[in-house]
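Summary of structural features
One-letter residues, chain by chain:
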Amino acid sequence: MFVAVPVTASAAHPLPLLLLASLIGFNYGANLALFPSFSKDLWGMKHFGVNYGLLFTAWGCGGLVMGRVSETLLARSGGFTGSFVIAGRSS
């Protein structure tokens, strides 16, 4: 069985925490840079502000809701194997 160990538990080795925080920060910055151009290219400039606002709001709602969904999935099934199998088959 998989046991989650917090990254901060390894206080003797701060490098993994630094690398993980850097990757999360780069991903966040990349999303902030790509969302406006993606919105403009996909839907045009006519309603750019509304479309970009909806896209950004959906990103935030997904982060809020999917955290709860993943916790519910973990509590009911005991793991994430089923969700990875479903995601792998649907793509």
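Notes on the structure in this doc start here. (Residues numbered from 1 in each chain as written. Predicted model: local features only at pLDDT ≥ 70, side-chain atom pairs only at ≥ 80, totals over all residues. Heavy atoms only, no water.)

Quick look at the overall build of the chain
Helix and strand counts for the chain stand at three helices and zero strands. Seen in sequence order, the chain has helices and strands lined up from the N terminus as α-α-α. Summed over all atoms, the accessible surface of the chain reaches about 7600 Å², with 72% contributed by carbon and sulfur. (Helix = DSSP H or I, 4+ residues; strand = E, 2+ residues; numbered from the N terminus. Areas by Shrake-Rupley, 256 points an atom, 1.4 Å probe, with all protein chains shown as cover.)

Re helix α1 (residues 15-43)
Taking 1.5 Å of rise per residue, 29 residues should cover 42 Å, and α1 covers 42 Å from first to last C-alpha, within 8% of that figure. Taking the largest bend as the criterion, α1 deviates by roughly 30°, centred on leucine 34, and proline proline 36 comes between one and four positions later. For α1, the full list of buried residues reads Asn31, Phe35 and Ser39. Buried residues along α1 sit against α2 (48-77). Looking at the residues trailing α1, positive phi occurs at glycine 44, about 85°. (Expected span 1.5 Å × (residues − 1). Bend = angle between axes of the 7 residues up to and from the residue. Buried < 20%, exposed > 50% of the residue type's maximum accessible area, 1.4 Å probe, protein only. Contact = heavy atoms within 4.5 Å.)

Some details on the packing of α1 against α2
Between α1 and α2, the least distance of the axes is 9 Å, while the angle of their chain directions is 140°. Of the possible angle classes, the one that applies to α1 and α2 is oblique. Taken as a pair, α1 and α2 cross one another with a handedness that is right-handed. Contact with α1, carried on its side by Tyr28, Asn31, Leu32, Phe35, Pro36, Phe38, Ser39, Lys40 and Trp43, involves Phe48, Asn51, Tyr52, Leu55, Phe56 and Trp59 of α2 and no other residues of that element. For the contact of α1 with α2, the per-class residue count stands at 11 nonpolar, three polar and one charged. (Axes fitted to C-alpha atoms, helices over the stretch in contact; angles between N-to-C directions. Parallel < 35°, antiparallel > 145°, perpendicular 65-115°, else oblique. Left-handed = near helix turned anticlockwise from the far one by under 90°. Nonpolar A, V, L, I, M, F, W, Y, C, P; charged D, E, K, R; others polar.)

As for the side chain of serine 39
Note on placement: serine 39 falls in helix α1. Excluding anything up to four places from it in sequence, serine 39 contacts Gly44, Phe48, Asn51, Tyr52 and Leu55.

Comments concerning the environment of tryptophan 59
Assignment of secondary structure puts tryptophan 59 in helix α2. Through-space distance from the C-alpha of tryptophan 59 to that of asparagine 31 is 9.6 Å; in sequence the pair is 28 residues apart. Ignoring any residue separated from it by four or fewer positions in sequence, one finds tryptophan 59 in contact with Tyr28, Asn31, Leu32 and Phe35.

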